[in-house]
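Report on the structure
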Amino acid sequence: MIILTIFILYKENNEIFDFDDFLSCLKKIDNIFDLKTDLDTCKVSAKYDYNNDSTILWLSKSLTDITIDGAGDASIQLIYRLGKEYNKDKIYLIDSDYSFDPILLNSVANENELIE
């Protein structure tokens, strides 16, 4: 059986992500590629490679949440980088199974804190 982990990032009180700020943030992150906007299924889609691993990110049409596919090194690193680059707002992390309490990304000192 394959178990797929999906991480969800969201802002306090379901506030929306600023589209232009989010794109600017993504463009600052090395190894982001295949960046697409205004798709039928999402507002932004991008792929990210890190340490021989890759993941996919989607910003929802509603701009209220970011989904990151998988729990490998690339996903953890991308979550950490997003927390650092898009640090003007409180962004929370949860997994799709709600198996841990939400983590405030602004309070994470390094990516190892995301996997403890």
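The text that follows walks through the structure, step by step, so that each part is easy to find. Bear in mind the structure is a predicted one, so any value in this text is a computation, not a measurement. (Residues numbered from 1 in each chain as written. Predicted model: local features only at pLDDT ≥ 70, side-chain atom pairs only at ≥ 80, totals over all residues. Heavy atoms only, no water.)

Each full turn of the α-helix corresponds to 3.6 residues, which orients residues three or four apart in the same direction. Turning to helix H1 (residues 19–28), its buried residues are Phe 22, Leu 23, Cys 25 and Leu 26. With its buried residues spanning 160 degrees around the axis, H1 presents them on a single face. Among the exposed residues of H1, those oriented more than 90 degrees off its buried face are Asp 20, Lys 27 and Lys 28. One side-chain oxygen of the residue at the start of H1 lies 3.2 Å from the amide nitrogen of Asp 20, identifying that residue as Asp 18. (Buried < 20%, exposed > 50% of the residue type's maximum accessible area, 1.4 Å probe, protein only. Helix = DSSP H or I, 4+ residues; strand = E, 2+ residues; numbered from the N terminus. Arc of directions from axis to C-beta. Polar contact = N/O pair within 3.5 Å; in protein donor to acceptor, adjacent residues only side chain to side chain.)

Pairing in this open sheet of 7 strands is antiparallel, and the strands run S2-S3-S4-S5-S1-S6-S7 from one edge to the other. The open sheet is flanked by strand S2 (32–37) and strand S7 (103–104), the only strands paired with a single partner. Bridge count between S2 and strand S3 (residues 44–50): 4 bridges; the pairing is antiparallel. By the bridge assignment, Ile 32 is partnered in S3 with Tyr 48. Its contacts with the sheet put helix H2 (residues 73–85) on strand S1 (6–11), S2, S3, strand S4 (53–59), strand S5 (65–69) and strand S6 (91–95), and the angle it makes with S4 is roughly 45 degrees. (Pairing = 2+ DSSP bridges. Contact = heavy atoms within 4.5 Å. Axes fitted to C-alpha atoms, helices over the stretch in contact; angles between N-to-C directions.)

This next bit is on the pattern of salt bridges. Any two side chains of opposite charge can pair, on the condition that their charged atoms come close. Applying the stated criterion across every chain, the model contains 4 salt bridges. Of the charged contacts in the structure, one is a salt bridge between Lys 47 and Asp 34, with a shortest N-O distance of 3.4 Å. Of the two residues, Lys 47 sits in strand S3 while Asp 34 sits in strand S2, which places them 13 residues apart along the sequence. Under the relative-accessibility criterion, Lys 47 is labelled partly exposed at 31%. Between Asp 38 and Lys 43 there is a salt bridge, with the nearest N and O atoms lying 2.7 Å from each other. In this structure, a network of salt bridges that share partners links the residues Asp 34, Lys 36 and Lys 47. (Salt bridge = Lys/Arg side-chain N within 4 Å of Asp/Glu carboxyl O.)

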